[in-house]
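Geometric and topological summary
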Amino acid sequence: MRKLIFILLTSSLSVLFNISCSPSDSIQDEEIPPTEDKGEQPSPTPSEDKNEMKTVDLGLSVEWADKNYNSKDSYDVGDYVENYTQKGAPIQRIYNVPKEFDIPNAWQARELLRMCKWIVQEKDGHKYFKVIGPNGNHIIMPMGGNLFKQLQTFEYYNKDKKAEYLYESDGYGMQEFYMDENGDGGLYIKRTYSTCIPRRFVKKGGRGNRSFYEDKNFVPKTEDAVDLGLSVKWAPYNIGGAFEDDYGIFIAWGDPTGKMIPRDNSYLNGVSAISICGTEKDAATMLWKYGWRMPTKSEFEELLTKCTWSRSWSYGHAGYWIKGPSGKSIFLPAAGYTKGGTTIHEQNTIGQYWTGDHTSNGIEMYYIEIRGERNKSILKSRNGYVRCPIRPVIKNK
């Protein structure tokens, strides 16, 4: 009889701690939990399999699932899952991604945060977001916060205060994007082992990358140019972007279409002027029009010498906030560069931006490079076939 009672007690404890938070029983790296007030203890029993999901077209590059994975309806948080896995771990097994869905990538998470309107609402005592896309359609995103796992203890943090969801980051494994009740959102890029968050999937095969926005060519209004207190006003974002921290498209120097992928400088035959700023070879002039052009070498020099540069992150993209004498700022993301192909090098490490000027020998073109904390930025020259972003300027009126 005593043996039977012991077996039943052991089985009960096993069920009690069987939540779908972690792919393994071991903790690889303990963390200090957040300082927010602790909510109620989570239910110890895993939810039933409620995986039937539909997709909603929000007018973005990919369709989003209408509810969280393993949730009973759109307002239910569903299960929590650990938001980091070691390199090489089988994502399908650990994260239970249905075959017609994917874990959202960083770009898909960014556009959901940046292109949609997030409205706080409440139902049955729990807060959620009504997320309205550019086309007017919407999805419901519950504010489930996160579960912090430490040994066999699980506690809620930020529940009804913050929507936290899983995304897949290149080079960093599984990470978290979030929006809080005050409208502050972003992407975390950090390795965490003990924080568990809900899952919201996207439809497999969506165009969740830069090419979706390359086709749009968002041209800022001239009145949106940022007056830093310098000789020219600066565009709020790169060509091919829509927000200040977007990488935009990578353009070869002197390519007015922004679509060429040259492998050497032979495409530049016929370019003899020391500067192409404002000419038919200027990508900013040809793609944006309305007085926009590439910056000159001297205009970038005053950006270097007359402004305050602060290394920072914005929605998962590294770069610099640049504050001018006027007190206003622009953000230059460390977008990287491409060289003779489409592979992007040193993204989130280096930012390289074209000027419209080239050296007196006509062989190399000037560009600015931003790198690291101390060596923040320098002017260099290089072959024009290397493709870099462009941050246009416009004359002061």
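To be clear, the structure that these remarks concern was listed above.
These lines cover the structure that appears in this document, whether it is placed above or below.

**Some thoughts on the pattern of salt bridges**
Under the defined criterion, the tally for this structure stands at 9 salt bridges. Across the salt bridge formed by Lys204 and Asp102, the nearest N and O atoms sit 2.9 Å from each other. One end of the pair, Lys204, is in the loop between β14 (202-203) and α4 (211-214); the other, Asp102, is in strand β4 (residues 101-102), and 102 residues separate them in sequence. Salt-bridge contacts for Lys297 lead to Glu301; the nearest nitrogen and oxygen are separated by 2.8 Å. Highlighted residues: Lys297 and Glu301, both in helix α6 (residues 297-305), separated by 4 residues, approximately one helical turn. Given a relative accessible area of 24%, Lys297 falls into the partly exposed group. The structure contains a network of salt bridges with shared partners spanning Arg110, Arg114, Glu244, Asp245 and Asp246.

**Examining the environment of Asp180**
Assignment of secondary structure puts Asp180 in strand β11 (residues 173-180). Between the alpha carbons of Asp180 and Asn158 there is a distance of 8.7 Å; along the sequence they are 22 residues apart. Dropping the residues within four chain positions of it, Asp180 is found in contact with Phe129, Lys161 and Lys162. Among the polar contacts made by the side chain of Asp180, one reaches the main-chain amide nitrogen of Asn182 at a distance of 2.9 Å.

**A word on the sheet that holds strand β19 (residues 329-333)**
Strand order in this open sheet of 3 strands is β17-β18-β19, and the pairing throughout is antiparallel. Of all the strands in the sheet, just β17 (308-314) and β19 have a single pairing partner and so form its edges. Strand-to-strand, the axes of this sheet are offset by a mean angle of 30 degrees, without reference to chain direction.

**Describing the sheet that holds strand β6 (residues 126-132)**
Strand order in the open sheet formed by 3 strands is β5-β6-β7, and the pairing between neighbours is antiparallel. The open sheet terminates on both sides in strands that have one partner only, identified here as β5 (117-123) and β7 (138-142). The mean angle between the axes of side-by-side strands here comes to 30 degrees, regardless of whether they run parallel or antiparallel. Sheet analysis places β5 next to β6, joined by 7 bridges and oriented antiparallel. The partner of Glu122 across the bridge, within β6, is Lys127. Most of the contacts of helix α3 (residues 106-115) go to β5, to which it runs at about 80 degrees, and overall it touches β5, β6 and β7.

Thresholds applied
Residues numbered from 1 in each chain as written. Predicted model: local features only at pLDDT ≥ 70, side-chain atom pairs only at ≥ 80, totals over all residues. Heavy atoms only, no water. Salt bridge = Lys/Arg side-chain N within 4 Å of Asp/Glu carboxyl O. Helix = DSSP H or I, 4+ residues; strand = E, 2+ residues; numbered from the N terminus. Buried < 20%, exposed > 50% of the residue type's maximum accessible area, 1.4 Å probe, protein only. Contact = heavy atoms within 4.5 Å. Polar contact = N/O pair within 3.5 Å; in protein donor to acceptor, adjacent residues only side chain to side chain. Pairing = 2+ DSSP bridges. Axes fitted to C-alpha atoms, helices over the stretch in contact; angles between N-to-C directions.

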